[in-house]
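Here is what each chain is made of, one letter per residue.
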Amino acid sequence: MHDSVYTINNMDFLQYTIDSNDADRRADRVLRKFLPGLSLAEIYSAFRKGLVRSQGKKIRQETKLSSGDQLSIAKFLVEKSRAASGAENSGSTAEKSDPIPAVNLQVLFSNEHLLIINKPYDYSVQGKKDSLDAIVKKQFPAPKDSLSFSVGPLHRLDKRTTGVLCFSQDLEGANVFSRLIQDHSIKKHYLALMEGKLEKECTWSDYILQDKDGEKGSFFTVKVFDSAVPGAKNAVTKPRPIAHGVFNGKPVTLAYVDIETGRTHQIRAQSAFHGHCLLGDSAYGSKEKLDLKKHGRDFFLHAVKISFPENAIGLPEAVSAPLSKDFSAMVVQCFGHDIRL
């Protein structure tokens, strides 16, 4: 990966060419990604001692790198980081025999900047060895010339929510997506199977707060309030009924849901708060327990579409995710016919 080796004062340095995925970033932040086996203290010490250089000259840790810069790093630091990272990642015998699973991901859109997949049910986006983050990193790795950039998810979906999920493929894609999210230019649209008969389109504007009393291991629920409380964040959800049907003799609604905010469990929690909890979502009050073998999932929430404004990285106006077989089968069971998206 390095371009060359040269020696200064009897010390070998490895030279790397900075590409667009590392440009405009602080040198210390690039090294923290590139040398994960080193402590922060070791990285900061390396800058002070001149063990990190750009264009052959000693640089400070806050120096911003430019595309095409020749970054030189003392060879022993790179070797030390690799040795430490290798030991950390070797893991136990059980971990070695439990590799990242091979998953046939449905790709909805991809270019050099962004990858969009149809998230399968019951997969965590991040945090576990079998997470989609790990799976995508394996199947769609970062550019080999980058020192610090890593492919990763650009937003989150609950483990049991399916549908449109976006991953960065380069730094430009990640930055553009983040800017569009911050200025609310990206719109997310969902399909939700709710209990009861939602009569008309409405807007739910409430406040969501993490429920510390509802924590169970890594899982927690959230509480919803109709007015501001300390620590709570505003959440705006707009459901629109598109079909009314019956499940086990009780009314259900298939709703098209737009969200203006992206709070944890937002649709699930607000639906329950307004008397229409998602069918089967026992964490938020559903009395119906769905049979996983028969129905395929605990509840039915699908990120059906994401809409983009005009942009400079080639993203289409919208990307849609088809329903899975179990979701389509449930729709037919409840409403007597499938739904055209």
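The structure this text deals with has already been given above.
## Topic: the pairing of strand β7 (residues 114-119)
Part 1: By the criterion of burial, β7 is predominantly enclosed, with 6 of the 6 residues buried.
Part 2: Inspection of the sheet shows strand β6 (residues 106-110) paired to β7 by 4 bridges, in the antiparallel sense. When the sheet's bridge partners are listed, V107 is paired in β7 with I117.
Part 3: Joining the antiparallel neighbours β6 and β7 is a turn of 3 residues.
Part 4: Bridging between β7 and strand β9 (residues 162-168) involves 6 bridges; their strand directions are antiparallel. Across the sheet, residue N118 finds its bridge partner in β9, namely V164.

## Topic: the environment of V125
Part 1: Tracing the backbone through its elements, the reader meets V125 in the loop between β7 and α5 (132-139).
Part 2: Distance from V125 to V136, taken between C-alpha atoms, is 10.0 Å for residues 11 residues apart in sequence.
Part 3: Setting aside its immediate chain neighbours within four residues, V125 contacts K119, S131, L132, D133, P153, H155, R156, L157 and L165.

## Looking at the nonpolar core
Part 1: Counting residues in each nonpolar core, the largest one holds 42 residues, and the members touching the most others are I116, Y190, M194, V257, I306 and F308.
Part 2: Those residues within four positions of M194 in sequence are excluded, and the remaining contacts are W204, P239, V252, T253, A255, V257, S271, H276, C277, L278 and L279.
Part 3: F34, L35, I59 and L65 belong to the second largest nonpolar core, which has 23 residues in total.

## Notes on the pairing of strand β2 (residues 11-17)
Side-chain direction in a regular strand flips from residue to residue, so the side chains alternate between the two faces of the sheet.
Part 1: Where strand β1 (residues 4-8) lies against β2, 5 bridges are found, and the strand directions are antiparallel. Bridging from a neighbouring strand, Y6 pairs with F13 of β2.
Part 2: Counted between consecutive antiparallel strands, the loop separating β1 from β2 contains 2 residues, among which N9 sits at a positive phi close to 50°.
Part 3: Pairing of β2 with strand β5 (residues 70-74), which is carried by 5 bridges, proceeds in the antiparallel orientation. Within β5, the residue paired with F13 across the bridge is A74.

## Points about the pattern of salt bridges
Part 1: As enumerated under the stated definition, the model contains 12 salt bridges in all.
Part 2: Ionic pairing is found between K80 and E42, a salt bridge with its closest N-O pair at 2.4 Å. Here the residue K80 occupies a position in helix α3 (residues 75-90), and E42 occupies one in helix α2 (residues 40-48), the gap between them amounting to 38 residues.
Part 3: Among the ionic pairs, K137 bridges to D133, the shortest N-O distance being 2.6 Å. Highlighted residues: K137 and D133, both in helix α5, separated by 4 residues, approximately one helical turn.
Part 4: Judged by relative accessible area, D133 falls into the buried class, the value being 14%.
Part 5: One continuous salt-bridge network, built from bridges that share partners, spans D158, R268 and D281.

The rules we used
Residues numbered from 1 in each chain as written. Predicted model: local features only at pLDDT ≥ 70, side-chain atom pairs only at ≥ 80, totals over all residues. Heavy atoms only, no water. Buried < 20%, exposed > 50% of the residue type's maximum accessible area, 1.4 Å probe, protein only. Helix = DSSP H or I, 4+ residues; strand = E, 2+ residues; numbered from the N terminus. Pairing = 2+ DSSP bridges. Contact = heavy atoms within 4.5 Å. Core = buried A, V, L, I, M, F, W, Y, C linked by side-chain atoms within 4.5 Å. Salt bridge = Lys/Arg side-chain N within 4 Å of Asp/Glu carboxyl O.

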